[in-house]
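Residues per chain, in single letters:
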Amino acid sequence: MASVEQVNQKGAPDLSVVVPLGSRYEDLGTLCRDLRRVLVPFGCYEVIIVDDANGPATRRDVQAVRKEYSEVRVLTLARRMGESTALGLGTQAARGAIIVTVDPYLHVSLDELPAMLEPLRGEYDLVCGWRKTQGSGLARIASNGFNTVARWLTQVPVHDLNCRMRAMRREVLQDIPMYGDLHRFLPIFAVRRGFRLHEVVVTQQPGKQEVGAFNPSSYINRLMDLLTLAFLTRFMKRPLHLFGLIGMAGLVIGAALGAYLGYERLVLGIAIGNRPLLLLAVLLVVVGIQLGSIGLLGELMIFTHARELKDYVVKEER
Amino acid sequence: MTPELSVVIPVYNECESMPRLLEQLQKAVKSISGIAEFIFVDDGSEDQTWKVLTELQVQDRRIRAIRLRRNFGQTAAMACGIDSARGKVIVTMDGDLQNDPADILRLLEVLAEGNDVVCGWRSQRQDKLWTRKVPSIVANRLIGFFTGVRLHDYGCSLKAYRAEVIKRTPLYAEFHRFIPALSVLTGASVVELKVNHRARQFGRTKYNLMRTWKVAFDIVTVSLLVKFAHKPMRFFGLLSLVSLTVGVVSLMRSWHWYAINADVTAQVLPGSAVLALWLAGHLLVVGLLAELCLTSVHERSELMVTARG
């Protein structure tokens, strides 16, 4: 495999496959069998199944699979945490130098795995699946829209944030502080930290629609996450650049309007008291100052914690 | 053996300059007692910089080479070098041969006189007048005026620090040019010293004028931080008071008008008065939040006076 910085202890596998289980999933036995078939040329590997508090039926399935396939390890969560968090916990427990994440509904056939692992032999650190093809109208549009907005906000060229089929070097996860649901946005974090991303076009299996494919509330949540993400990645160290810019814009426009109205009142003698424009001008000035003050507050926060936040990511040191 | 002196040089696409730079460094440190280490930080260069660096390292074991995953910016690269420096004195400089390593000895002498930070002053700059020198002069004046730390040349990378002082100074975003002002927060004494400047020999300059607005915001931030980081309530409280005064005066004026004319509808003042009062309340709350933010940080005490030994 490609260069790995960690010491390879005896018994540690080369590769870890993490499978988070939600309420719906494909037959686990088939999953493991297919993995065995597909991963043959890649050395010894382990499968980590994360049971996201699914109840006794799932536990039985999982135990059955564990008995039959020795490479399987099981993580059972006491409380439902959501797929992204479950994935995160699974990757933490992984021991391989390469980590693969798979979605249990098998939207993407496991046969695509070797093509995704190939770039890791070279210079890439993270490989993500990109489902370019089919999918029904509304869900497709929402998904494309979401990814486009993500690209625009974060300046990272990622095309399919919802595809859970990913392969990465261990360092990618170690270097990036992520919590809970942010695993969805792993490619964005990784690229911002300087890791190299490669996307492999994969085909979505026909007839397998995503669970709750078009769920408006979840998309709104994700949009909020995206906004937070974009802010954190681009402006984390410099909140004033964002708030100050918008604040100044408000202030300047408000002041300009105010000056214009002042001219009308003082020079032309027109009454301005009942003009909505006046209210707008004052409001813009006030909002401008407010945003500016929040920007400064942000700066103060960053400043006081500056020592804990490292700006840079070291690749090699000699 | 721990080195006495660490020279930190962030480099970005400077593969042609490095061999000559190393030669000059080697010559410069000959007259300095104690061991030196040269820390080159490759800030995600796209050319042969890393390769040249690893080759040079074989020739001179005093070189330490650090490579960042992508281009993080000069401040980050410098912070990286400073974090890994082991010397008691740290000298930072540019990797493009525009700083003269021969000046290092003089910087160290001034440092030894009891100063904490010695800043290079490029008294005879070898750059274009209107695009580089004039904006620089304006910026330096502004920074000096706002932060109270008046230097002639904030933009000169060649500076010498006592390690304990610089390691304690917060360094992030694009703040490397403000380090002297920021280190004053830890009670450091800052002086400047005239140094040589050479015209750029290889490669192209990495700066342009478009960054002006960002620098402008940074100046505002740094000057406020320097003045109020320990007591933000003084700043926000003052603004709040101003707003409060404006609001109250406007309100009283409106009441006066209302008493005479019994007509509040066509009025500029009440609306603005209310908003001004709102702003006063907001600024007060933000000031309190800022104070809250500070009390939760144990490092506050670390920001206090540098011990002199």
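### Notes on the environment of B:Leu241
Here comes step 1: Assignment of secondary structure puts B:Leu241 in helix H9 (residues 232-261).
Here comes step 2: Spatially, the C-alpha atoms of B:Leu241 and B:Leu283 are 9.0 Å apart, while their sequence positions differ by 42 residues.

### What about the interface of chain A and chain B?
Here comes step 1: On the side of chain B, 53 residues touch chain A, which itself brings 46 residues to the contact.
Here comes step 2: With both sides pooled, the region where chain A packs onto chain B buries about 4,500 Å², and carbon together with sulfur makes up 67% of that total.
Here comes step 3: Across the chain A-chain B interface, the total number found is three salt bridges.
Here comes step 4: Here A:Asp125 and B:Arg69 are joined by a salt bridge, their closest N and O atoms 4.0 Å apart.

### Looking at the confidence of the model for chain A
All names here are of chain A.
Here comes step 1: Predicted confidence across chain A gives a mean pLDDT of 80, with 88% of residues reaching 70 or more.
Here comes step 2: Of all the helices and strands in chain A, helix H8 (residues 216-235) carries the lowest mean pLDDT, 76, while strand S6 (residues 166-169) carries the highest, 92.
Here comes step 3: In the model, residues 1-9 has pLDDT below 50 throughout and makes 15 contacts with residues more than four positions away in sequence or in other chains.

### A look at the packing of helix H1 (residues 18-28) of chain B against helix H2 (residues 49-59) of chain B
All names here are of chain B.
Here comes step 1: Where H1 contacts H2, the two axes come as close as 10 Å, and the packing angle between them is 35 degrees. Once H1 is placed against H2, the crossing between them reads as right-handed. Judged by residue contacts, Met18, Pro19 and Leu22 of H1 engage Thr49, Val52, Leu53 and Leu56 from H2.
Here comes step 2: Per-class residue counts for the contact of H1 with H2 are six nonpolar, one polar and no charged.

### A word on the packing of aromatic side chains
Residues and elements named next belong to chain B.
Here comes step 1: Taken as a whole and judged by the stated rule, the model has four aromatic pairs over all chains.
Here comes step 2: Centroid distance Phe175 to Phe178: 5.9 Å. Interplanar angle 85 degrees. Geometry classified as edge-to-face.
Here comes step 3: Among the residues examined, Phe175 registers a relative accessible area of 0% and is labelled buried.
Here comes step 4: For Phe178, a relative accessible area of 0% translates into the label buried.
Here comes step 5: Consider the rings of Phe235 and Phe236, whose centres lie 5.1 Å apart with planes at 70 degrees: the pair is edge-to-face.
Here comes step 6: For Phe235, a relative accessible area of 16% corresponds to the buried category.
Here comes step 7: Note on Phe236: relative accessible area 4%, which makes it buried.
Here comes step 8: Taken together through their ring pairs, the aromatic side chains of Phe228, Phe235 and Phe236 make up a single cluster.
Here comes step 9: Just above the ring of Phe72 sits the side chain of Arg70; from NZ or CZ to the centre is 4.4 Å.
Here comes step 10: One Lys or Arg, Lys194, reaches over the ring of Trp121 and ends 5.1 Å from the middle of that ring.

### Brief notes about helix H5 (residues 137-154) of chain A
Residues and elements named next belong to chain A.
Here comes step 1: Taking 1.5 Å per residue, 18 residues should reach 26 Å; H5 reaches 26 Å between its end C-alpha atoms and fits that length.
Here comes step 2: Within the span of H5, buried status applies to Ala139, Arg140, Ala142, Ser143, Phe146, Asn147, Ala150, Leu153 and Thr154.
Here comes step 3: Following H5 by one or two positions, Gln155 has its phi on the positive side, about 65 degrees.

### As for the sheet that holds strand S4 (residues 89-92) of chain B
Here comes step 1: Read from one edge of the open sheet, eight strands run S8(A)-S3(B)-S2(B)-S1(B)-S4(B)-S6(B)-S5(B)-S7(B), paired in mixed fashion. Bordering the open sheet on either side are strand S8 (314-317) of chain A together with strand S7 (190-195) of chain B, each of which pairs with just one other strand. Across the sheet, the mean angle from the axis of one strand to that of its neighbour is 20 degrees, orientation sign disregarded.
Here comes step 2: Here strand S1 (residues 5-11) of chain B runs beside strand S2 (residues 36-42) of chain B; their pairing, made up of seven bridges, is parallel. Pairing of B:Ser6 across the sheet is with B:Glu37, part of S2(B).

### Side note on the pattern of salt bridges
Here comes step 1: Taken as a whole and assessed by the stated rule, the structure comprises 24 salt bridges over all chains.
Here comes step 2: Salt-bridge contacts for B:Arg106 lead to B:Asp103; the nearest nitrogen and oxygen are separated by 2.8 Å.
Here comes step 3: Look at B:Arg106 and you get partly exposed, because its relative accessible area is 34%.
Here comes step 4: Classification of B:Asp103 as buried rests on a relative accessible area of 2%.
Here comes step 5: Connected through shared salt-bridge partners, A:Asp125, A:Arg169, A:Arg196 and B:Arg69 make up one network.

Criteria and thresholds
- Residues numbered from 1 in each chain as written.
- Chains lettered and ligands numbered in written order.
- Predicted model: local features only at pLDDT ≥ 70, side-chain atom pairs only at ≥ 80, totals over all residues.
- Heavy atoms only, no water.
- Helix = DSSP H or I, 4+ residues; strand = E, 2+ residues; numbered from the N terminus.
- Contact = heavy atoms within 4.5 Å.
- Buried area = accessible area lost by both parts, 1.4 Å probe.
- Salt bridge = Lys/Arg side-chain N within 4 Å of Asp/Glu carboxyl O.
- pLDDT = per-residue confidence, 0-100.
- Axes fitted to C-alpha atoms, helices over the stretch in contact; angles between N-to-C directions.
- Left-handed = near helix turned anticlockwise from the far one by under 90°.
- Nonpolar A, V, L, I, M, F, W, Y, C, P; charged D, E, K, R; others polar.
- Phe/Tyr/Trp six-rings, centres within 6.5 Å; stacked < 30°, edge-to-face > 60°.
- Buried < 20%, exposed > 50% of the residue type's maximum accessible area, 1.4 Å probe, protein only.
- Lys NZ or Arg CZ within 6 Å of the ring centre and 35° of its normal.
- Expected span 1.5 Å × (residues − 1).
- Pairing = 2+ DSSP bridges.

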